[in-house]
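Each chain is listed here by its residues.
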Amino acid sequence: MAEVIWLEPALQQLDAIADYVALDNPVAARQLVARVFDVTERLQQFPQSGRIPPELPDSVYRELVVPPCRIFYREQDDSVLILAVLREERLLRNFMLATR
């Protein structure tokens, strides 16, 4: 079983997205955060369940989609590192994950 580890930048990005959603609907923001944590928790059992991002076809990175979020992660030893959380409409750039 893999340990899911959230890196600080990913938590900050999720928080920023939730803050934006909460401007119009605080309940939806709380539900979004709960869904994101529920989905990422499943990575403990199924760390390769996410797809390889279309922008990075030959990479070690994977992603999960929880609208409106894309959650980027990679496996490292017996851990799953949550690296970034972006809004779906943002295009992923190599540099966004390169140093993580």
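The sections below set out a description of the structure shown in this document. In this convention, every chain numbers its residues from 1, walking through the sequence in written order. Residue-level local features of this predicted model are given only where pLDDT is at least 70; pairs of side-chain atoms are given and counted only at 80 or more, and the full residue set underlies all totals for whole chains, interfaces and linings. Side-chain calculation: all heavy atoms of the structure are included, whereas hydrogens and water are not.

**Remarks on the environment of Pro9**
Logical step 1: In this description a helix means any DSSP run of H or I spanning at least four residues, a strand means any run of E spanning at least two, and both kinds are numbered starting from the N terminus. By the element assignment, Pro9 lies in helix α1 (residues 8-24).
Logical step 2: On the accessibility criterion, Pro9 (30% relative accessible area) is partly exposed. Classification of residues uses two cut-offs on accessible area relative to the type maximum, computed with a 1.4 Å probe and protein chains only: under 20% is buried, over 50% is exposed, and between them is partly exposed.

**Re the nonpolar core**
Logical step 1: If you look at the biggest cluster of nonpolar residues, it comprises 21 residues, and the most contacted ones within it are Trp6, Ile82 and Val85.
Logical step 2: Counting residues per element, the ones that place at least two in this core are β1 (3-6), α1, α2 (26-41), β2 (62-66), β3 (69-76) and β4 (79-87).
Logical step 3: Considering each element in turn, this core owes the most residues, 5 residues, to α1.
Logical step 4: For this analysis, residues touch if any pair of their heavy atoms sits within 4.5 Å. If we skip the residues at most four places from it in the chain, Trp6 touches Leu11, Leu14, Val36, Phe37, Thr40, Ile82 and Val85. Nonpolar core, defined: a set of buried Ala, Val, Leu, Ile, Met, Phe, Trp, Tyr and Cys residues in which side-chain atoms within 4.5 Å join the residues together.

**Remarks on the pairing of β3**
Logical step 1: Most of β3 sits out of view: 6 of its 8 residues are buried.
Logical step 2: Pairs of strands are assigned from DSSP output, requiring at least two bridges between the strands. Taken together, β2 and the strand that follows it, β3, pair antiparallel across an intervening segment of 2 residues.
Logical step 3: Of the strand pairs in this sheet, β3 and β4 are connected by 8 bridges, and their pairing is antiparallel. Within β4, the residue paired with Arg74 across the bridge is Leu81.

**Focus: the sheet that holds β1**
Logical step 1: Pairing is mixed across the open sheet formed by 4 strands, whose spatial order is β1-β4-β3-β2. At either end of the open sheet lies a strand with only one pairing partner, and these are β1 and β2. The average undirected angle you get between the axes of adjacent strands in this sheet is 30°.
Logical step 2: Relative to the sheet, α2 contacts β1, β2, β3 and β4, its axis offset from that of β2 by approximately 145°. Axis definition: a line fitted to C-alpha atoms, over the contacting stretch in the case of helices. Angles run 0 to 180 degrees between N-to-C directions.

**Brief notes about the environment of Val66**
Logical step 1: Its location among the elements puts Val66 in strand β2.
Logical step 2: Val66 gets classed as buried once you look at its relative accessible area, which sits at 5%.
Logical step 3: In this structure, the C-alpha to C-alpha distance between Val66 and Pro53, residues 13 residues apart in sequence, is 14 Å.
Logical step 4: Each residue touching Val66, except ones within four places of it in the same chain, is listed here: Leu32, Arg35, Val36, Val39 and Ile71.

**What about the packing of aromatic side chains?**
In this description, an aromatic ring pair is defined by two values, namely the gap between the centres and the angle between the planes.
Logical step 1: Classification of ring pairs uses Phe, Tyr and Trp, with its six-membered ring standing for Trp, and accepts pairs whose centres are within 6.5 Å; under 30 degrees between planes counts as stacked, over 60 as edge-to-face, and the remaining range as tilted. Here the structure, examined in full by the defined rule, presents 1 aromatic pair.
Logical step 2: Here the aromatic rings of Trp6 and Phe37 are separated by 4.8 Å at their centres, their planes lie at 45°, and the arrangement is tilted. Of this pair, Trp6 sits in strand β1 while Phe37 sits in helix α2, placing them 31 residues apart in sequence.
Logical step 3: Under the relative-accessibility criterion, Trp6 is labelled buried at 17%.
Logical step 4: On the accessibility criterion, Phe37 (33% relative accessible area) is partly exposed.

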